[in-house]
Amino acid sequence: MVSVTLPEFRQRQRPAAILLNLLVGCGVFFWILPLLIAVWVAFHPVSQQARFSLFSPLTLSNFITAWHSAPFAHYFINTALQVMLIVTVQVVLATLAAYALVRFRLKGQGVIFALILLQLMISPDVLILNNYKTIGALGLRDTLAGIAMPYFASAFAIFLLRQTFKGVPRVLEEAAIIEGASRMRILWRIYVPLALPVYTAFVLVSVSFHWNDFLWPLVITDSVTVRPLTVGLQLFSAPEQGVQWALISAATLMTSSPLIMLFLVLQRQFVQSFMRSGIR
C-alpha cells in the first residue's frame, strides 16, 4: 500500500484544478459575452460599434434617444405595479394554502396537494388561450389585473412554504393556543418569521420572472396604458423601422438595470436565502 502525503496529493490534483478553472472561466466568458456586446453597442456611436477599439468615443445619446422614443417612464411604473401586485397576492395565498395543508385535516388532502403540484408540470404558455378567454369574459383585458391574475396562485410558493411549515414544531402552536392566540396571529407571529429565508428566495425568483415576462402581457394588452417594459421593447425591433441595435441595447440595459442593481445590493441575502431555503 502506497501512502501519499498531503503536499503530494495537492500537487497531483493541481493540473485537474487548473483545467477545471479554465473550463469554468470559458463558460463564464461565453455566458457574459452577449451582455458585454450589448454594453459596448449601447455606449458607442453607430459608426464605432463594429470596431471594438478602446479609444472609441463614449456616448449617452443612444439612451436618450431610446428613452424619448417610447414612454419608458410609464412602462417602468406599469411593470413595477404589475410585479408588486403579483408577488403580494402570491405570498398571501401561498401562506394561507400552505398553513391549511400542514395544520388542518382536509378530506383528500393528498389529492389537493397533487393537483397543486400539477401546475408545476404545465407550461404557462399552454394555457394562454384559455386564460385569454377567461380574462376577456371577466372584462379585464388590457388591465393590470388581467395581466396579473393568471399568476396569483403559485404552486411553487405553496410547495416551498408547505415544506417549511412542516418543520415548525407543533408544540409552539399548541403553546400559543393555550395563551389565547388566534390562528392568524399564530401564522403571523410563528410561521412567517421562521420562513423568512424561503419568502426572500421566492420573492427574488418571482420578481425576476415577472419583470421579464413577455408573451402573456403581449397577448392581453392592446394599449400603452398598461403595457410593461418587455412589450414596450418590441417597438425598437419593428420591421418597418429596421433593427436599430444601438437603441435595442440601450433600452435593454435600462429595463434590466433595476434587477441588476437589486442583485448587487442584496447579493449576500440572495445567496443565503437560496442556501437556507434549499432552492437549487
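Structural data are supplied above this passage.
First, a word on what this report is: a plain description of the structure on this page. (Residues numbered from 1 in each chain as written. Predicted model: local features only at pLDDT ≥ 70, side-chain atom pairs only at ≥ 80, totals over all residues. Heavy atoms only, no water.)

1. Some points on the packing of helix α7 (residues 155-166) against helix α10 (residues 196-211)
Right, so step 1: Their axes nearest at 10 Å, the elements α7 and α10 cross at an angle of 170 degrees. Regarding the angle of α7 to α10, the classification is roughly antiparallel. Note that α7 runs across α10; the crossing there is right-handed. On α10, the residues touching F156, A157, L160, L161, T164 and F165 of α7 are V198, Y199 and F202.
Right, so step 2: Grouping the amino acids of the contact of α7 with α10 by side-chain chemistry returns eight nonpolar, one polar and no charged. (Axes fitted to C-alpha atoms, helices over the stretch in contact; angles between N-to-C directions. Helix = DSSP H or I, 4+ residues; strand = E, 2+ residues; numbered from the N terminus. Parallel < 35°, antiparallel > 145°, perpendicular 65-115°, else oblique. Left-handed = near helix turned anticlockwise from the far one by under 90°. Contact = heavy atoms within 4.5 Å. Nonpolar A, V, L, I, M, F, W, Y, C, P; charged D, E, K, R; others polar.)

2. Some details on the packing of aromatic side chains
Right, so step 1: All told, the structure shown has twelve aromatic pairs when counted by the stated rule.
Right, so step 2: Ring geometry for Y99 against F104: centres 5.7 Å apart, planes inclined by 75 degrees, an arrangement best described as edge-to-face.
Right, so step 3: These aromatic residues form a ring-pair network of at least three members: W67, F72, Y75, F76 and W211.
Right, so step 4: The ring of F113 carries R162 above its face, with NZ or CZ at 3.9 Å from the centroid. (Phe/Tyr/Trp six-rings, centres within 6.5 Å; stacked < 30°, edge-to-face > 60°. Lys NZ or Arg CZ within 6 Å of the ring centre and 35° of its normal.)

3. What about the pattern of salt bridges?
Right, so step 1: Applying the stated criterion across every chain yields a total of three salt bridges.
Right, so step 2: For E173, the salt bridge identified is with R103, shortest N-O distance 2.9 Å. With a gap of 70 residues between them, E173 in helix α8 (residues 170-178) and R103 in helix α3 (residues 72-103) connect regions that are remote in the sequence. Take E173 and R103: they sit in the same class, and that class is buried.
Right, so step 3: A salt bridge links E173 to R183, with the nearest nitrogen and oxygen atoms 2.3 Å apart. With E173 in helix α8 and R183 in helix α9 (residues 183-194), this pair connects stretches of sequence that are ten residues apart.
Right, so step 4: The class for E173 is buried, based on a relative accessible area of 3%.
Right, so step 5: The partly exposed category is assigned to R183, whose relative accessible area is 38%.
Right, so step 6: Linked through salt bridges whose partners overlap, the residues forming this network are R103, E173 and R183. (Salt bridge = Lys/Arg side-chain N within 4 Å of Asp/Glu carboxyl O. Buried < 20%, exposed > 50% of the residue type's maximum accessible area, 1.4 Å probe, protein only.)

Read these as spatial facts, not as claims about activity.
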